[in-house]
Amino acid sequence: MDFISILSIFVLACFVGYYVVWSVTPALHTPLMAVTNAISSVIVVGALVAAAAGGSGISRILGLVAVALASVNIFGGFAVTERMLAMYKKKDK
Amino acid sequence: MTVAHALPPAWVMLAYLIAGVCFILALRGLSSPATSRKGNRYGIAGMGMALATTMLIEAPVPPGAFFPAPTPDDLRTLAEILVAVGIGGAVGLVIARRIQMTDMPQLVAAFHSLVGLAAVLVGWAAYLNPAAFGILGADGAIEPQSRIEMGLGIAIGAITFSGSVIAFLKLAGKMSGAPILLPARHVINLGTLAAILLLVAFFTQNEALWVIATITALSFAIGFLLIIPIGGADMPVVVSMLNSYSGWAAAAMGFTLHNTAMIITGALVGSSGAILSYIMCKAMNRSFISVIAGGFGVEAGAGGGAAREQRPWKRGSAEDAAFILEQAENVIIIPGYGMAVAQAQHVLREMGDLLKKAGVNVKYAIHPVAGRMPGHMNVLLAEANVPYDEVFELEDINGEFAQADVAFIIGANDVVNPAAKTDKASPIYGMPVFDVDRAKSVMFIKRSMGGVGYAGVDNDVFYMDQTMMLLADAKKMVEDINKALAH
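These notes cover the structure that comes with them.

Rules of the game
Residues numbered from 1 in each chain as written. Chains lettered and ligands numbered in written order. Predicted model: local features only at pLDDT ≥ 70, side-chain atom pairs only at ≥ 80, totals over all residues. Heavy atoms only, no water. Helix = DSSP H or I, 4+ residues; strand = E, 2+ residues; numbered from the N terminus. Buried < 20%, exposed > 50% of the residue type's maximum accessible area, 1.4 Å probe, protein only. Contact = heavy atoms within 4.5 Å. Areas by Shrake-Rupley, 256 points an atom, 1.4 Å probe, with all protein chains shown as cover. Lys, Arg positive; Asp, Glu negative; His and termini not counted. Charge placed at Lys NZ, Arg CZ, Asp CG, Glu CD. Rg over C-alpha atoms; globule rule 2.2 N^0.38 Å. Buried area = accessible area lost by both parts, 1.4 Å probe. Salt bridge = Lys/Arg side-chain N within 4 Å of Asp/Glu carboxyl O. Polar contact = N/O pair within 3.5 Å; in protein donor to acceptor, adjacent residues only side chain to side chain. Nonpolar A, V, L, I, M, F, W, Y, C, P; charged D, E, K, R; others polar. Pairing = 2+ DSSP bridges. Axes fitted to C-alpha atoms, helices over the stretch in contact; angles between N-to-C directions. Phe/Tyr/Trp six-rings, centres within 6.5 Å; stacked < 30°, edge-to-face > 60°. Lys NZ or Arg CZ within 6 Å of the ring centre and 35° of its normal. Expected span 1.5 Å × (residues − 1). Arc of directions from axis to C-beta. Core = buried A, V, L, I, M, F, W, Y, C linked by side-chain atoms within 4.5 Å. Patch = residues over 30% accessible without salt bridge, like charges linked within 9 Å, V, L, I, M, F, W, Y side chains within 5 Å. Parallel < 35°, antiparallel > 145°, perpendicular 65-115°, else oblique. Left-handed = near helix turned anticlockwise from the far one by under 90°.

**With respect to the overall build of chain B**
So, point 1. Within chain B, the secondary structure is distributed over 18 helices and six strands.
So, point 2. Considered along the principal axes of its C-alpha atoms, chain B spans approximately 80 × 50 × 35 Å.
So, point 3. Across the 487 residues that make up chain B, the buried fraction comes to 55%.
So, point 4. Pairs at least 24 apart in sequence give 78% of the contacts found in chain B among residues at least 6 apart.
So, point 5. Approximately 19,500 Å² of chain B is accessible, and the part contributed by carbon and sulfur atoms is 64%.
So, point 6. Side chains of chain B carry 31 positive and 36 negative charges; the gap between the two charge centres is 3 Å.

What follows is the structure, encoded as structure tokens:
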């Protein structure tokens, strides 16, 4: 992909993010932070590329460490979000 | 794998795009508690998709073969990756299960630091092995454009990491929450930031190791320097800001890797953190710049103690409070960070239940900056089984104080200070506050009369005719009120 295509996706995604996040209810701002934290660990994709690549040994080790760090976030982030969201209950009538 | 610019197959790009869309739906679900869990599942699905796709294309496969017989080397690599995921995943799940809800802000800060560090490591891995990332130019050097993306990604990641570590230490009480002010800190910070940007520009001309190493080191330093002067109660802004940075770091890496899932996610998370920072600043009527500049409350706090005049105030007991609460028709409870510190949310909900049983209409009012992160109080009340439709935001409930018989303030202070409306000289002037002075009576749980809120200013609410000060630990006081209510 050329730079302009990527930039287009990025700019449009910023606008999507802007409108979607404003629609999040303030009561769920803490789960919002937990889940954004989990999804930003999609950086694991880059870590996997490094960990799976042949060649530079140090690069592979850095990749593996990054995979482990991102995994803490992915599993921990989604699990803690799920745990929080399960606590929000409506009044039982 | 070593061919630069090779586009991944169409299905791969499509899969990353779908993962990105899943992440958008995950945030969209949070517009209401009813749809939020479905949203989280979308997030998990998107992440699963991104992971599986990457594993399929990056697992060391000889070119041309679709299902080749793996070599021992391939198997070892795969095993290493699975072990790394296994260790990280297990640690993450255990933490997620054990963490106390009151400790959520420091957990989020800790998680941000991991994203930041991972971004730094990925950036360095790409620098050391550019061929694997497809960013090697025809001349055998890393492409200049990729160097900018990589340099910025590493810088933002490093700032996120060291900043989040400091935020974590302050939030967890392992480091004083008081601002630490270095002389000439603005000059140092701006100089360091300028140096980082210049070095990133220089990096396009010279890809020497020392350049990228200096960028990394300076970025770690600036993250640290930026957060140490910021005080404890400004942490909601800091945590939101670091949230935003972790997104921009992911986006920068997405540019390097030409990966749509990372770019979409980075943009979403970056905007999310930025919007939350904005909401927090607005709720304190302070500019983002002044929060980041730090040192809030230091000057006012130092002088405030001596200058305060002695004014009469009324002290009440748990029994007095219980008596008035029982007679009330409408009670509005305003929780603040003090409630979280005292872990009083469960006894508070019991009090709410007892009052409801006595026919009292109970509502909870939450200020946007209550607690140490956005939405912190809402999670604590949800944890204590308070239904979310009894919990209201500032602008939705502020008109109701005139009809309220009791405004019950527990662990909050600055957010009910009328000086924000009337006293132009006050450091919190212009901050939106609860109009508790309109309620028929006010109950204010506080440890002692000596302490002041974060802003270091006195609060006229203490001295109003209708105010009853309940001086004790928040949890102990509410327990005593419950005993008196249950009698």
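**Description of the overall build of chain A**
So, point 1. Secondary structure assignment for chain A yields four helices and zero strands.
So, point 2. Each helix and strand of chain A, placed in order from N terminus to C terminus, yields the pattern α-α-α-α.
So, point 3. Its C-alpha atoms give chain A a radius of gyration of 18 Å, clearly above 12 Å, the size a compact globule of 93 residues would have.
So, point 4. Dimensions of chain A, computed from the C-alpha atoms along their principal axes, are close to 65 × 30 × 15 Å.
So, point 5. Expressed as a percentage of its 93 residues, the buried residues of chain A come to 63%.
So, point 6. Sequence separation of 24 or more characterises 61% of the internal contacts of chain A that already satisfy a separation of 6 or more.
So, point 7. A total of about 3,200 Å² of accessible surface is found on chain A, and carbon and sulfur atoms cover 73% of it.

**A look at the interface of chain A and chain B**
So, point 1. The interface of chain A with chain B comprises 78 residues on the first partner and 103 residues on the second.
So, point 2. Considering only the surface of chain A that becomes buried against chain B, A:M1, A:M33 and A:I43 emerge as the three largest contributors, covering 9% of it.
So, point 3. A:E82 is the partner of B:R41 in a salt bridge, and the nearest nitrogen-oxygen pair spans 2.5 Å.
So, point 4. The interface formed by chain A and chain B includes 21 residue pairs in polar contact (both at pLDDT 80 or more).
So, point 5. Taken together, the elements giving at least two residues each to the side of chain A that touches chain B come down to α1 (3–22), α2 (29–39), α3 (44–52) and α4 (57–85) of chain A.
So, point 6. Counting residues per element, the side of chain A that touches chain B draws most heavily on α4(A), which supplies 25 residues.
So, point 7. Classifying every residue of the side of chain A that touches chain B by side-chain character gives 53 nonpolar, 19 polar and six charged.

**Observations regarding the sheet that holds strand β4 (residues 406–410) of chain B**
Across a sheet, strands are paired by hydrogen bonds formed along the backbone, either parallel or antiparallel in direction.
All names here are of chain B.
So, point 1. One open sheet accounts for six strands, arranged β3-β2-β1-β4-β5-β6; its pairing is parallel. Every interior strand has two partners, whereas the edge strands, β3 (391–393) and β6 (467–471), have only one. Sheet twist, expressed as the mean angle between neighbouring strand axes with direction ignored, is 25°.
So, point 2. Bridging between strand β1 (residues 330–335) and β4 involves five bridges; their strand directions are parallel. Bridging from a neighbouring strand, I334 pairs with I409 of β4.
So, point 3. Contacts from helix α14 (residues 345–357) reach β1, β2 (361–366) and β4 within the one sheet, and its direction differs from that of β2 by about 150°.

**Some points on the packing of aromatic side chains**
So, point 1. For the coordinates displayed, the defined rule picks out 13 aromatic pairs over all chains.
So, point 2. A centroid spacing of 6.1 Å and a plane angle of 70° characterise the contact between A:F10 and B:W248, whose relative ring orientation is edge-to-face. Taken together, the positions of A:F10 in helix α1 and B:W248 in helix α8 (residues 235–257) put the pair across two chains.
So, point 3. When the centroid spacing of 5.9 Å and the interplanar angle of 70° are considered together, the rings of B:F462 and B:Y463 count as edge-to-face. In this structure, B:F462 and B:Y463 share a single accessibility class: buried.
So, point 4. By way of ring pairs, the aromatic residues A:F3, A:F10, B:W248 and B:F255 are connected into one cluster.
So, point 5. B:K363 extends its terminal NZ or CZ atom over the ring of B:F392, reaching a point 5.1 Å from the ring centre.
So, point 6. Just above the ring of B:Y337 sits the side chain of B:R372; from NZ or CZ to the centre is 3.6 Å.

**A look at unusual backbone geometry**
Residue and element names in this part refer to chain B.
So, point 1. The phi angle at N285 is positive, at roughly 50°, despite the residue not being glycine.
So, point 2. Looking at where N285 falls in the secondary structure, it is placed in the loop between α9 (260–283) and α10 (288–293).
So, point 3. The phi dihedral of N385 is positive, around 70°, even though this residue is not glycine.
So, point 4. In this structure, N385 sits in the loop between α15 (376–383) and β3.
So, point 5. Taking relative accessible area as the criterion, N385 reaches 44% and is therefore assigned partly exposed.

**Concerning the pattern of salt bridges**
Residue and element names in this part refer to chain B.
So, point 1. Applying the stated rule across the entire model yields 18 salt bridges over all chains.
So, point 2. With a closest N to O distance of 3.2 Å, R447 and D473 form a salt bridge. In this pair, R447 sits in the loop between β5 (441–446) and β6 while D473 sits in the loop between β6 and α18 (474–486), placing the two residues 26 residues apart along the sequence.
So, point 3. On the basis of relative accessible area, R447 is assigned to the exposed category, the value being 67%.

**Describing helix α6 (residues 185–203) of chain B**
All names here are of chain B.
So, point 1. Given a rise of 1.5 Å per residue, 19 residues ought to cover 27 Å, and the 27 Å separating the end C-alpha atoms of α6 matches this to within 8%.
So, point 2. Along α6, the positions that sit buried rather than exposed are R185, N189, T192, I196, L199, V200 and F203. End-on view of α6: buried residues confined to an arc of 105°, all on one side of the axis. Exposed side chains of α6 directed beyond 90 degrees from the buried face belong to V187, L190, L197 and L198.
So, point 3. Where the residues of α6 are buried, they touch α4 (104–128), α5 (144–171), α7 (209–227) and α10.

**Some remarks on the nonpolar core**
Residue and element names in this part refer to chain B.
So, point 1. Counting 192 residues, the largest nonpolar core has F133, M351, F408, I410, F434, V436 and I481 as its most contacted members.
So, point 2. Among the elements that make up this core, the one with the highest residue count is α4 (15 residues).
So, point 3. With near-sequence residues (within four places) excluded, F408 lies in contact with L325, V331, I332, I333, I334, L348, M351, M443, I445, L470, V478 and I481.

**A closer look at a nonpolar patch on the surface**
So, point 1. On the surface, a cluster of nonpolar side chains totalling about 910 Å² of accessible area is made up of A:F3, A:I4, A:L7, A:V11, A:F15, A:Y18, A:Y19, A:W22 and B:Y278.
So, point 2. Tallying contributions element by element places α1(A) first for the nonpolar patch, with eight residues.
So, point 3. Summarising the element assignment, A:F3 is placed in helix α1.
So, point 4. Look at A:F3 and you get partly exposed, because its relative accessible area is 34%.

**With respect to the packing of α8(B) against α9(B)**
Residue and element names in this part refer to chain B.
So, point 1. Interaxial distance between α8 and α9 falls to 7 Å at its minimum, and their mutual angle equals 160°. It follows from the interaxial angle that α8 and α9 lie roughly antiparallel. The hand of the α8/α9 crossing is left-handed.
So, point 2. Tallied by class, the residues present in the contact of α8 with α9 amount to 17 nonpolar, twelve polar and no charged.

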